[in-house]
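Chain residues, written in single-letter form:
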Amino acid sequence: MGLKHVAKRFFEKNQRIYRSKAIYKLQRLRQKGNIEPDYDNCNYKDILREIDLNGCTIIENFIPPDIINKILVEVEAPYLEMQAGKKNDDFWHSEGGNGRIGNIDKYSPLAKEYLFDSQMISNLAKSYVSKSAVGFRKEADFKYSPGESYQADIVHIDDWRHRFKAFVLLHDLERVNAPLVYYKGSHKSAHWRQDLEYSYHKDGQSGRFGHLFPQEMRKIQSEHHYESVHFEGKAGSLFLGDFRGLHSGSILVEGKRVMLNYTWGLV
Ligand SMILES: O=C(O)CCC(=O)C(=O)O
Ligand SMILES: [Fe+2]
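About the thresholds
Residues numbered from 1 in each chain as written. Chains lettered and ligands numbered in written order. Predicted model: local features only at pLDDT ≥ 70, side-chain atom pairs only at ≥ 80, totals over all residues. Heavy atoms only, no water. Phe/Tyr/Trp six-rings, centres within 6.5 Å; stacked < 30°, edge-to-face > 60°. Buried < 20%, exposed > 50% of the residue type's maximum accessible area, 1.4 Å probe, protein only. Lys NZ or Arg CZ within 6 Å of the ring centre and 35° of its normal. Near = heavy atom within 4 Å. Polar contact = N/O pair within 3.5 Å; in protein donor to acceptor, adjacent residues only side chain to side chain. Areas by Shrake-Rupley, 256 points an atom, 1.4 Å probe, with all protein chains shown as cover. Helix = DSSP H or I, 4+ residues; strand = E, 2+ residues; numbered from the N terminus. Nonpolar A, V, L, I, M, F, W, Y, C, P; charged D, E, K, R; others polar. Domains from an automatic or database assignment. Contact = heavy atoms within 4.5 Å. Buried area = accessible area lost by both parts, 1.4 Å probe. Salt bridge = Lys/Arg side-chain N within 4 Å of Asp/Glu carboxyl O. Pairing = 2+ DSSP bridges. Axes fitted to C-alpha atoms, helices over the stretch in contact; angles between N-to-C directions.

**Q** Looking at this structure, I do not really get the packing of aromatic side chains. What am I missing?
**A** A ring pair, where both rings are aromatic, is described by two values, the distance of the centres and the angle of the planes. Under the criterion given, the structure shown has 18 aromatic pairs. Taking the centre distance of 4.8 Å and the plane angle of 15° together, the rings of Y200 and F209 count as stacked. Here the aromatic rings of F231 and F239 are separated by 5.3 Å at their centres, their planes lie at 50°, and the arrangement is tilted. In this structure, F231 and F239 share a single accessibility class: buried. Through pairs of rings, three or more aromatic residues link up here, namely F167, Y182, F231, F239 and F243. One cation-aromatic arrangement involves K21 over Y198; the distance from NZ or CZ to the ring centre is 4.4 Å. Looking at K165, its charged tip hangs above the ring of F243, at a distance of 5.3 Å from the centre.

**Q** Hey, could you run me through the site of ligand 1 in this one?
**A** All residues adjacent to ligand 1 are R100, Y150, A152, H156, D158, K165, F167, L180, H247, G249, R257 and N261. R100 is positioned such that a nitrogen or oxygen atom in its side chain is 3.2 Å from an oxygen atom of ligand 1. At 2.6 Å from an oxygen atom of ligand 1 is found a side-chain nitrogen or oxygen belonging to Y150. In the complex, the protein chains occlude 98% of the 300 Å² of accessible area that ligand 1 would expose alone. For the shell around ligand 1, the elements supplying multiple residues, two or more each, are β5 (164-169) and β10 (257-265). For the shell around ligand 1, the per-class residue count stands at four nonpolar, four polar and four charged.

**Q** Can you walk me through the domain arrangement of the chain in this structure?
**A** Note on interface size: it is often stated as the accessible area lost on association of the parts. Here the chain is partitioned into domain 1 (1-30) and domain 2 (36-265). On a C-alpha basis, the centroid separation for the pair domain 1 and domain 2 is 28 Å. Contacts between the two partners involve eight residues from domain 1 and, on the opposite side, six residues from domain 2. Across the domain 1 to domain 2 interface the summed buried area is about 770 Å²; carbon plus sulfur atoms make up 54%. It is R19, Y24 and R28 in domain 1 that bury the most area against domain 2; as a group they hold 71% of the surface buried on that side. The tally of links between domain 1 and domain 2 comes to one salt bridge. At the junction of domain 1 with domain 2, the criterion picks out six residue pairs in polar contact (both at pLDDT 80 or more). The element best represented in the side of domain 1 that touches domain 2 is helix α3 (residues 21-30), accounting for five residues.

**Q** Help me understand the sheet that holds strand β9 (residues 247-248) in this model?
**A** Strand pairing in a sheet relies on backbone hydrogen bonds. The paired strands run either parallel or antiparallel. A sheet is described by the order of its strands in space; here three strands give the open sequence β7-β6-β9, paired in antiparallel fashion. Across the chains shown, the open sheet's two edge strands, defined by having one partner strand only, are β7 (228-231) and β9.

**Q** Even after reading the chapter, I still don't get the sheet that holds strand β3 (residues 98-101), so can you show me in this structure?
**A** Strand order in the open sheet formed by seven strands is β1-β8-β5-β10-β4-β3-β2, with antiparallel pairing between adjacent strands. Both edges of this open sheet fall to β1 (56-59) and β2 (91-95), since each of them pairs with a single strand only. Taken over all neighbouring pairs, the strand axes of this sheet differ in orientation by 20° on average, direction set aside. Where strand β4 (residues 134-143) and β10 come together, nine bridges link them in antiparallel fashion.

Next up, the structure:
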């Protein structure tokens with residue numbers, strides 16, 4: 001049994017120790033990625049610069065329309081099967097009209113080829129986070145139920161760790177189709193993060209887990225005036241971002257929202 005495994009077992013049994021500030025600080029050291037993006041090893045410097053500056057960027061036509069239509073079919077198939085009652089171990093989460101399937105690259109060879117095996121995504125993620133970063137979550141996110149809301153529709157940060165994410169729209173999407181909303185510039189260090197980040201570690205998923213009350217967000221905005229960006233547009237568009245930044249989902253008004261969601265970080 002490796003040291004990492006022993007430590008994990010110990011902390012599972014001794015949650016009070018794990019939740020302490022000392023362990024939090026140790027975790028932060030262990031998770032320390034690039035302080036500055038690694039421009040020297042990046043083949044897409046302009047894109048990297050924009051992510052560094054704004055926390056996000058949108059690139060249109062990342063995947064061509066004929067391929068995207070095929071990916072949508074490949075990706076919707078396991079979801080529809082599951083809805084028809086088939087058991088699926090890769091189904092992660094369903095809440096308030098939002099569904100997620102993990103390991104989606106298994107079901108969609110084309111999503112694997114065009115997104116999950118993309119050299120460009122890997123180069124950008126490693127240049128932004130760390131050369132040791134890995135793409136560890138490969139999922140598809142589905143919203144089919146207008147009017148329903150779920151946890152991620154509340155403004156939040158995903159983590160205090162460097163989290164680089166790539167999303168791809170699998171169909172044309174407008175404001176009514178529940179676009180992801182990102183607050184530009186909110187990925188940078190700021191006073192409001194300190195308590196929020198520590199509570200993420202201390203209270204875990206049963207706590208606030210990176211989420212903000214509306215009045216907290218109003219106060220932050222009165223100081224920082226972060227501009228919101230909605231990820232909408234044509235099928236095949238790519239959103240890249242630092243998900244330590246503030247963002248939220250939005251409520252589906254009509255139609256559906258299906259997108260690929262790829263998370264990179266140090267694990
Ligand atoms: O469903 C959404 O648009 C938001 C998703 C989100 O917050 C995330 O993937 O980190
Ligand atoms: Fe999120």
